[in-house]
Each structure stands twice: as structure tokens, then as C-alpha cells.
Amino acid sequence: MANFGVSDLRLVNPCQHLHPEARKFAVSAAPLLGTARLFPSLEEAIGDLHTAVAATRRGGQRRGAPLVARQLPELLAGVPALGFGLVLGREDSGLTSAEVALCTHTVTIPSEPERGSLNLAQATLLLLYEIYVGTHGCPPLNVDPPAPLAEVEPMLGQMELVLNRIAFLNPEQPDTVLNSLRRIFQRAALSGRDVAVLRGMWSQLAWSIRDWRGRKRGEG
């Protein structure tokens, strides 16, 4: 909860939530245990919410068609501030059908059907993550723009000189390899910085093979 900026922890008939072991495992989020609100029933715990979403693996007529975790931000967008709550059940048995019926929606985390349910911590993490990313957005990737072809083609010419010098290219069909290299670079979307690094490398290689005596006999 703390990792995703959620602070309203509500516990229904909990165990000793302030036990030293609980504080130990909560680490820096231990203050959330101290501010948790306790309720004798789920009905009272969610009574002030506009939307309560029960996390469940099981569907069925009484539970309705669940949302998938990725749809939670869309649902949250239409709910008043502080009017939304996630309801998660017991570690060993989850929520009962009666408890699910008290909620306005259900949500599930898609996973392999033959496997068991996720544990409580995993389910909470994934649901809060989807909400956080969906409501805060993702930061743009810091990707350099691709280099123009006018920079890439001269690099290929530089490479061709070196590859010819070391007898790597077939003199009769040099474009076979060069076109393969061109496609590799196109897929890589080289930036101007990438091209500069590669050109520096090929310059060093060209200098290093000035006294190269050629391919040894018998080498393929």
C-alpha cells in the first residue's frame, strides 16, 4: 500500500495486526498498521464507499462477470475521491460468496487456470500496481531518436572497407552481407550516438589491420 500511495487500511476482525512480527515485515510501512481502522463486519467497513471491488478468482452466477485487474483505473475514473475500495479476503480461503455479494464489482487477475490463487500480498501488489500505473501514467522512455540514413550509410561504407580488407566479404556478392547488416541496423534503430560509437570502433579496426597479412590458408 505504501509503495503505491495508499494509506486507508481497513481490517475486519483482524488477528494481532500490531504484533512485532507484523511491524517487522511491514518495514518502513509499519505506520500503516498503527493507523488501520478496525471493523466487526465487512458491511460496516465498506458502508461509506461508493464502489467496493472484491478480488476473487472464482466467477459464477452469484459473483457475476469479474473485471480484469487492468480495467480498475477505468472504473476508478468515475468514482468520487475516497469512494473506492479494494476488498481482499483471507489468505487461506479468500472471500465468501456472501461477502462478494456486498461489493459492487469483482475483479480477477488473469493467470493460468490450473494453478491456485495468488497469495494475499501478491494479489494486493498487482491490483494496486494496475491502479497506480493507470492513474499516474508511465514516464516516457528516454529514447534517443534514430539517426538519419545520411549518417548510417557512410558507416556501412566504412564497414565495407574493413570487411573487404579482412576478406570477410565475397568479392562477387558483397551486398549479401552488407544488406544483412543494413537490416540489422534498421531493426536496431541506431541513434546518432550509437552510430558515432560504431564508427569509432570501425576506425580503430581499420587502423589495427594495416599490417594484416590476410586470411590463413585453409580457413573458411
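Residues numbered from 1 in each chain as written. Predicted model: local features only at pLDDT ≥ 70, side-chain atom pairs only at ≥ 80, totals over all residues. Heavy atoms only, no water.

Going by the annotation in an unreviewed UniProt entry, the name recorded for the protein is tRNA (Cytidine/uridine-2'-O-)-methyltransferase TrmJ, with Desulfuromonas versatilis given as the source organism. The record held by UniProt for the protein lists under Sequence similarities (unreviewed entry) the comment "Belongs to the class IV-like SAM-binding methyltransferase superfamily. RNA methyltransferase TrmH family." (UniProt positions renumbered as here; feature names shortened; annotations may be inferred.)

Draft legend 1. Structural context of helix 7 (residues 149–165). The end-to-end C-alpha distance of helix 7, which contains 17 residues, comes to 24 Å, matching closely the 24 Å that a straight helix rising 1.5 Å per residue would cover. Of all the positions in helix 7, only Val152, Met155, Leu156, Gln158, Met159, Val162 and Leu163 are classed as buried. Buried residues along helix 7 cover an arc of 165° about the axis, so they all sit on one side. For helix 7, the exposed residues lying more than 90 degrees away from the buried face are Ala150 and Leu161. Turning to helix 7, the residues buried within the fold contact helix 8 (174–188) and helix 9 (192–208). Just past helix 7, the residue Ala167 takes up positive phi, approximately 60°. (Helix = DSSP H or I, 4+ residues; strand = E, 2+ residues; numbered from the N terminus. Expected span 1.5 Å × (residues − 1). Buried < 20%, exposed > 50% of the residue type's maximum accessible area, 1.4 Å probe, protein only. Arc of directions from axis to C-beta. Contact = heavy atoms within 4.5 Å.)

Draft legend 2. Quick peek at the sheet that holds strand 3 (residues 51–55). With parallel pairing, the 4 strands of this open sheet are ordered in space as 4-6-3-5. Each edge of the open sheet carries a strand with a single partner, namely strand 4 (67–68) and strand 5 (84–87). Pairing of strand 3 with strand 5 involves 4 bridges; the strand directions are parallel. Paired with Val53 across the strands is Leu86, a residue of strand 5. Against the sheet, helix 6 (residues 120–136) engages strand 3, strand 5 and strand 6 (105–108), with an angle of about 155° to strand 5. (Pairing = 2+ DSSP bridges. Axes fitted to C-alpha atoms, helices over the stretch in contact; angles between N-to-C directions.)

Draft legend 3. Seen up close, the pattern of salt bridges. Taken as a whole, this structure holds 7 salt bridges when the rule is applied. Note that Arg10 is salt-bridged to Asp48, the shortest N-O span being 2.7 Å. Separated by 38 residues along the polypeptide, Arg10 in strand 1 (residues 10–12) and Asp48 in the loop between helix 3 (42–45) and strand 3 bring together distant segments of the chain. Classification of Asp48 by relative accessible area gives partly exposed; the value is 45%. Two residues, Arg193 and Asp144, come together in a salt bridge whose shortest N-O distance is 3.7 Å. Here Asp144 lies in the loop between helix 6 and helix 7 and Arg193 lies in helix 9, a separation of 49 residues in the sequence. A network of salt bridges, in which partner residues are shared, links Asp8, Arg10, Arg37 and Asp48. (Salt bridge = Lys/Arg side-chain N within 4 Å of Asp/Glu carboxyl O.)

Draft legend 4. Region of interest: the nonpolar core. Met155, Met159, Leu181 and Phe185 are the most contacted members of the largest nonpolar core, which totals 16 residues. Sorting the residues of this core by element identifies helix 7, helix 8 and helix 9 as the ones contributing at least two each. It is helix 7 that provides the largest number of residues to this core, a total of 6 residues. Apart from the residues within four sequence positions on either side, Leu181 is in contact with Leu156, Met159 and Leu163. (Core = buried A, V, L, I, M, F, W, Y, C linked by side-chain atoms within 4.5 Å.)

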